[in-house]
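Per-entry structural report
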Amino acid sequence: MTSKLNVARVRGVLLDIEGTTTPISFVHDVLFSYARTNLSNYLVEHSDAIETRDDLSKLSAEHAADVAAGLDPPALSIESVGAELESLAAYINWLMDRDRKSPALKLLQGKIWQQGYLSGRLTAEVFNDVAPALKRWRSAGLTINIFSSGSVLAQKLLFAHTGAGDLTHLIDSYFDTSSGPKAEVDSYRRISASLNLPPQSVVFISDVAAELQAADAAGLQTLLCLRPGNAQQPAQQPGGERFQTVETFEIIP
C-alpha cells in the first residue's frame, strides 16, 4: 500500500537539493568541477585567512582519522607552505572523489562557489517547476526550508543565483549536516523542532530513499522525487509501505 501525502496536515515543506530541486548533473558536472578547477588557486590566495586556516585545520584532523582508519588518503606534507597546500589540495580532491559529506570540505566548496557566483561564472540550475512551486507554497502560507549536505552558505548561494532569478526570499530556513547526517532519524527531529512544527505537519521531499526512511521514522511525511538523471531508489519503507513518488512539483498543491 502506498503512503499518501496528507495535504491538509502540511504546514511546512523541507526540500533536498541535489536530484530534487536541482539536476544531479549540475552539482557533479558543474559545481564539483568548478571547485576542483579553482581549488589550488583559492588555497594559495586565501591561505592566510583565519577562516581558511580553520577549514584546513579541520581537514588535517579528518586526514589523521582517515590514516588511522587505514583508508590510505594522499599524504600531507609540511616541508613548506606550498607543499602543504598542494598536498591538502590532493586530499580534498580525494574526498570529493568519494563524495565525502565532510563539513569542512562543504564549507570550503561553498566559499569557492561564492567567488564563481559573484563573478558571474556560475549560474545555478533548478528544475522549471521549482520557482512556481515555491511561490505557490508561499502563497498558501507554508514554510519552505532546505536540508542539504552542502553548507548553508552553498545553499543560499545556489538559490540566490538561479536561472529563474533570486529565490531566497521564498525560503525560510536552511539546514546542513550541522543538524546531523541526512540518513539519521534525529536530524529530522531536530529540524522539525527548530521549525516549531509537529513532525507530521512537515513533508520532506528527496531523491534518496535512505533519507526518506529516516524522516519517516521521525514522523515527517515524505515524497520520493523522481527526476531525470536520478539513481533508481528502493521505494520500500520499513513496515511494507511504499513511498509516494513525484516527478514534478506541479502536482503538489
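Within any chain, residue numbers begin from 1 and follow the written order of that chain's sequence. Per-residue local features are limited, in this predicted model, to residues with pLDDT of at least 70; the limit for side-chain atom pairs, both in listing and counting, is 80 or more; totals at the level of whole chains, interfaces and linings are taken over all residues. Only heavy atoms go into the side-chain values, all of them from the structure, while hydrogens and water stay out.

1. Focus: the overall build of the protein
Here a helix means four or more residues in a row that DSSP labels H or I, a strand means two or more in a row labelled E, and each is numbered from the N terminus. The helix and strand tally for the protein stands at 8 helices and 8 strands. Just to be clear, the radius of gyration here is over C-alpha atoms, and the globule rule we use is 2.2 Å times residues to the power 0.38. In terms of overall size, the protein behaves like a compact globule, its C-alpha atoms giving a radius of gyration of 19 Å where 253 residues would be expected to give roughly 18 Å. For the protein, the C-alpha atoms occupy an extent of roughly 60 × 40 × 35 Å along the three principal directions. Exposure is judged per residue with a 1.4 Å probe applied to protein chains only, and the accessible area is read against the type maximum: over 50% gives exposed, under 20% gives buried, and values in between give partly exposed. Residues classed as buried in the protein amount to 50% of the 253 residues present. The contact criterion used is simple: two residues touch if any of their non-hydrogen atoms lie within 4.5 Å. Considering only intrachain contacts with a sequence separation of at least 6, the fraction spanning at least 24 residues in the protein is 68%. With residues, only the protein chains shown are counted as cover, and all accessible areas are computed by Shrake-Rupley using a 1.4 Å probe. In the structure as shown, the protein presents an accessible area of about 11,800 Å², 51% of it carried by carbon and sulfur atoms. Positive charge is attributed to Lys and Arg, negative charge to Asp and Glu, and no charge count is given to His or to the chain ends. To locate a charge, take NZ of a lysine, CZ of an arginine, CG of an aspartate or CD of a glutamate. Taking the average place of the 21 positive charges on the side chains of the protein and the average place of its 29 negative ones, the gap between the two points comes to 7 Å.

2. Some remarks on helix α8 (residues 209–217)
Every buried residue belonging to α8 is among Ala209, Glu211, Leu212, Ala214 and Ala215, and all of these are buried. In this fold, the buried residues of α8 make contact with α7 (185–194), β5 (202–206), β6 (221–225) and β7 (242–243). The first or second residue beyond α8 is Gly219, which carries a positive phi of 100°.

3. What about the packing of aromatic side chains?
Here is the rule: rings of Phe, Tyr and Trp (six-membered ring for Trp) pair when centre to centre is within 6.5 Å. Planes less than 30 degrees apart are stacked, more than 60 are edge-to-face, and the remainder are tilted. Evaluation of the coordinates by the stated rule reveals 5 aromatic pairs. Ring centres of Phe147 and Tyr188 lie 5.4 Å apart, and the angle between their planes is 75°; on these two criteria the pair is classed as edge-to-face. Within this pair, whereas Phe147 is found in strand β3 (residues 143–147), its partner Tyr188 is found in helix α7, the two being separated by 41 residues in sequence. Comparing Phe147 with Tyr188, the two get one shared label, buried. When the centroid spacing of 5.1 Å and the interplanar angle of 55° are considered together, the rings of Tyr188 and Phe204 count as tilted. With Tyr188 in helix α7 and Phe204 in strand β5, this residue pair connects regions lying 16 residues apart in the sequence. Residue classification places Tyr188 among the buried residues on the basis of a relative accessible area of 0%. Here Phe204 falls in the buried class, since its relative accessible area comes to 0%. Positioned above the aromatic ring of Phe147 is the side chain of Lys182, whose terminal nitrogen or guanidinium carbon lies 5.5 Å from the ring centre. As a reminder, the over-ring test applies to NZ of lysine and CZ of arginine, requiring each to be within 6 Å of the ring centre and within 35 degrees of the ring normal.

4. Considering the side chain of Lys106
Relative to the assigned elements, Lys106 resides in helix α4 (residues 103–119). Here, a salt bridge means any Lys or Arg side-chain nitrogen found within 4 Å of an Asp or Glu carboxyl oxygen. There is no salt bridge for the buried Lys106, and the closest opposite charge comes from Asp99, which lies 4.3 Å off by N-O distance.

5. What to know about helix α3 (residues 81–97)
A helix's residues, less one, multiplied by 1.5 Å, set its expected span. In this model, α3 (17 residues) spans 24 Å end to end at C-alpha, consistent with the 24 Å of a helix rising 1.5 Å per residue. The set of residues buried in α3 consists of Ala83, Leu85, Ser87, Leu88, Ala89, Tyr91, Ile92, Trp94, Leu95 and Met96. Looking at the buried residues of α3, the elements they touch are α1 (24–46), α2 (50–68) and α4. In the stretch just after α3, Asp99 is the one whose phi turns positive, near 50°.

6. A word on the nonpolar core
Residues belong to one nonpolar core when they are buried, are Ala, Val, Leu, Ile, Met, Phe, Trp, Tyr or Cys, and are joined through side-chain atoms within 4.5 Å. Among the nonpolar cores identified, the biggest contains 57 residues, and Trp137 and Ile205 are the most heavily contacted of them. Per element, the largest residue contribution to this core is 9 residues, and it comes from α1. Discounting residues that sit within four places of it in the chain, Ile205 has contacts with Val13, Leu14, Leu15, Asp16, Thr20, Trp137, Leu223, Cys225, Phe249 and Ile252. The next biggest cluster of nonpolar side chains, apart from the first, holds 17 residues, and it includes Phe204, Ala218, Leu220 and Phe243.

7. Here we look at the pairing of β3
In summary, the side chains of a regular strand alternate between the two faces of the sheet. With 4 of 5 residues buried, β3 is to be regarded as a mostly interior element. Strands were regarded as paired on the criterion that DSSP finds at least two bridges between them. Where strand β2 (residues 12–15) lies against β3, 4 bridges are found, and the strand directions are parallel. In the sheet register, Leu15 faces β3, and the bridge partner there is Ile146. Across 3 bridges, β3 lies against strand β4 (residues 173–175) in parallel orientation.

8. Quick look at the sheet that holds β2
Taken in spatial order, the 6 strands of this open sheet run β4-β3-β2-β5-β6-β8, and their pairing is parallel. The open sheet has two edge strands with one neighbour each: β4 and β8 (245–246). Note: β6 against β8, 2 bridges, orientation parallel. Among the inter-strand pairings, Leu224 is bridged to a residue of β8, identified as Thr245. Comment: axis = line fitted to C-alpha atoms, over the contacting stretch for helices; angle = value between 0 and 180 degrees taken between N-to-C directions. Where α7 meets the sheet, it contacts β2, β3, β4 and β5, and its direction lies at approximately 150° from that of β3.

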